[in-house]
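Structural characterization, general
The chain contents come next:
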Amino acid sequence: MGDAPNNEQAIQQRVLDNLATAVLVVDRALVTRYINPACEMLLEISARKARGTPLERLISGPDRLFARLRECLDSAHPFTERELPLALFGNRHLTVDCTVTSLHEPQAPGGLLVELVQIDRQLRISREENLIAQHNATRDVVRGLAHEIKNPLGGLRGAAQLLERELADEELKEYTRIIIDEADRLQNLVNRMLGPNALPNKQEVNIHHLLERVRNLVDVEAPAGVELVRDYDPSIPMLQADPDQLIQALLNLARNAVGAVGERGTITLRTRTQRQITIGHERHKLVLVVEVTDDGPGISKEMMEKIFYPMITGAANGTGLGLSIAQSLINRHGGLIECSSEPGHTVFRILLPLEKANDEHR
Ligand SMILES: Nc1ncnc2c1ncn2[C@@H]1O[C@H](COP(=O)(O)OP(=O)(O)OP(=O)(O)O)[C@@H](O)[C@H]1O
Ligand SMILES: [Mg+2]
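Residues numbered from 1 in each chain as written. Chains lettered and ligands numbered in written order. Predicted model: local features only at pLDDT ≥ 70, side-chain atom pairs only at ≥ 80, totals over all residues. Heavy atoms only, no water.

1. Here's the deal with the pattern of salt bridges
Taken as a whole and judged by the stated rule, the model has 19 salt bridges. Linking Arg33 and Asp27 is a salt bridge whose minimum nitrogen-to-oxygen distance equals 3.0 Å. Judged by its relative accessible area of 42%, Arg33 falls in the partly exposed class. Of the residues examined, Asp27 reaches a relative accessible area of 18% and is grouped as buried. Residue Arg177 is joined to Glu164 by a salt bridge in which the shortest nitrogen-to-oxygen separation is 3.3 Å. (Salt bridge = Lys/Arg side-chain N within 4 Å of Asp/Glu carboxyl O. Buried < 20%, exposed > 50% of the residue type's maximum accessible area, 1.4 Å probe, protein only.)

2. Section: the site of ligand 1
Around ligand 1 sit 21 residues in total, of which Asn256, Asp294, Thr313, Gly314 and Thr319 are the nearest. Here an oxygen atom of ligand 1 and a side-chain polar atom of Thr313 are 2.5 Å apart. At a separation of 2.7 Å, an oxygen atom of ligand 1 approaches a polar backbone atom of Gly314. In the complex, the protein chains occlude 85% of the 590 Å² of accessible area that ligand 1 would expose alone. More than half of the atoms of ligand 1 fall within 2 Å of the grid points belonging to the second largest pocket. The set of elements that each furnish at least two residues to the shell around ligand 1 consists of α9 (243-261), α11 (322-332) and β13 (345-356). Here the shell around ligand 1 takes 3 residues from α9, the largest share from any one element. A per-class count over the shell around ligand 1 returns 10 nonpolar, 9 polar and 2 charged. (Near = heavy atom within 4 Å. Polar contact = N/O pair within 3.5 Å; in protein donor to acceptor, adjacent residues only side chain to side chain. Areas by Shrake-Rupley, 256 points an atom, 1.4 Å probe, with all protein chains shown as cover. 1 Å grid on protein atoms, 1.4 Å probe; cavity = no way out; pocket = protein on both sides within 12 Å on 5 of 7 lines; lining within 4 Å. Sits in = over half its atoms within 2 Å of the grid points. Helix = DSSP H or I, 4+ residues; strand = E, 2+ residues; numbered from the N terminus. Nonpolar A, V, L, I, M, F, W, Y, C, P; charged D, E, K, R; others polar.)

3. Thoughts on empty space enclosed by the protein
Per the counting criterion, the structure on display carries 4 cavities of 30 Å³ or more. Roughly 110 Å³ of internal volume is contained in the largest cavity. What lines the largest cavity is a set of 13 residues, and nearest its centre among them are Arg139, Met193, Pro310, Ser324 and Ser328. Top element by residues in the lining of the largest cavity is helix α6 (residues 120-166). It accounts for 4 residues. Computed from the structure, the second largest cavity encloses a volume of approximately 60 Å³. Around the second largest cavity sit Leu24, Leu55, Ile59, Leu65, Leu69, Leu84, Leu86, Cys98, Val114 and Leu116, which together line it. Mapped onto the lining of the second largest cavity, the elements with two or more residues apiece are α5 (63-75), β4 (79-88) and β6 (112-118). (Points joined across faces, edges and corners; volume = space filled by probe spheres on them.)

4. Quick notes on the packing of aromatic side chains
Two measures describe an aromatic ring pair: the distance that separates the ring centres and the angle between the ring planes. Inspection of the entire model under this criterion finds 1 aromatic pair. Ring geometry for Phe308 and Phe348: centres 6.3 Å apart, planes at 75 degrees, overall edge-to-face. Of this pair, Phe308 sits in the loop between α10 (301-304) and α11 while Phe348 sits in strand β13, placing them 40 residues apart in sequence. Under the relative-accessibility criterion, Phe308 is labelled buried at 5%. (Phe/Tyr/Trp six-rings, centres within 6.5 Å; stacked < 30°, edge-to-face > 60°.)

5. A word on helix α7 (residues 170-194)
Here α7 spans 36 Å end to end across 25 residues, near enough to the 36 Å set by a 1.5 Å rise per residue. Within α7, burial applies to Thr176, Ile180, Ala183, Val190, Met193 and Leu194. Looking at where α7 begins, the residue whose side-chain oxygen comes 2.9 Å from the main-chain nitrogen of Glu171 is Asp169. (Expected span 1.5 Å × (residues − 1).)

6. Re the nonpolar core
One broad trend across soluble globular proteins is that nonpolar side chains are buried collectively. Counting residues in hydrophobic clusters, the biggest one holds 48 residues, and the most contacted among them are Ile207 and Leu239. Element by element, the count of residues in this core is highest for α9, at 10 residues. Residues within four places of Ile207 in sequence aside, it is in contact with Ile236, Leu239, Leu246, Leu250, Thr271, Leu288 and Val290. Listed in part, the 31 residues of the second largest apolar core include Leu24, Ala50, Leu86 and Cys98. (Core = buried A, V, L, I, M, F, W, Y, C linked by side-chain atoms within 4.5 Å. Contact = heavy atoms within 4.5 Å.)

7. Considerations on the sheet that holds strand β3 (residues 59-60)
A sheet is described by the order of its strands in space; here 6 strands give the open sequence β2-β1-β6-β5-β4-β3, paired in antiparallel fashion. Both outer strands of the open sheet, β2 (32-35) and β3, are each paired with one neighbouring strand and no more. Running over the sheet, α5 touches β3, β4, β5 (93-102) and β6 and is turned about 135 degrees from β4. (Pairing = 2+ DSSP bridges. Axes fitted to C-alpha atoms, helices over the stretch in contact; angles between N-to-C directions.)

Structural data, given as structure tokens:
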């Protein structure tokens, strides 16, 4: 008898369970009554735990959000909030478009249907595409230029060396020394501009061993008032990567952080994993996230747009190559470096794929 309604209910249940949009239902007291699997993923909580929990304990957002939810309970007017910043417990932040519809019906207890669409992933993808395109374009220009400088420079240095041998006067040799030393300095710079040309020599590496090497190196160089804090996730699996190249990239970030904090400050090295992340166009099941955070003055908005360009520097004695080299090295591992900054809180985040979305093992 009751076959038809049951069937319909089953279909409705399957629709909700398979919806890519995160959906949750709260009752009139704003206590969570239902969340679908997409919402479990988004809020990183199981439906079992979420059920019966006040919404305020699942997410925190701007005060106006909860005010509008209460308003909607009374007025039954649906609303949409765009680019709403939410914080989850466990401190994750996300940006969502949020649509709220009243479930008010004469006989039903009422409540609200809340739909959440995460948009920071979209924002991040377009930003990343820019970063990668920007990086490829400038790298080609710089490489071309560096090559052009390299050949005549070799000739110059060779000629100065020959001349040096011919000179009897030690005092005159001082001039040829200067030519040779400066040519060497330029040669070094040009080599750095050309970037690492060796393909990554991949092997199984433990990211925490590499980070400890970097921490020790930087600890020696940094002023005494600079504290280096570790916040490692010990469950991170081994990674296929070139250890020297990763150390180089990490060092470049860590040294910038030291430069930024000056005599006193805190630099944090943090590791985490994230699931289902897209880097460029490729989707990955599991991604390693390494963050180098400092509490220095931060990066201005104008500077931010170009810090990954080669030869861009805000430091008096910088060459402006550190970040572009680091980005190159990480790109070669299929990863990406992103940056966000506000005064007192600058984060450089390295994303490195641990597992692709649809292959068993790499
Ligand atoms: N953590 C940070 N805080 C503030 N500014 C930063 C930070 N990291 C980088 N920057 C800015 O970005 C610029 C570019 O950094 P990049 O590492 O590419 O070059 P550099 O440090 O100037 O020179 P080098 O080639 O020696 O690394 C820096 O000069 C600095 O102005
Ligand atoms: Mg640098």
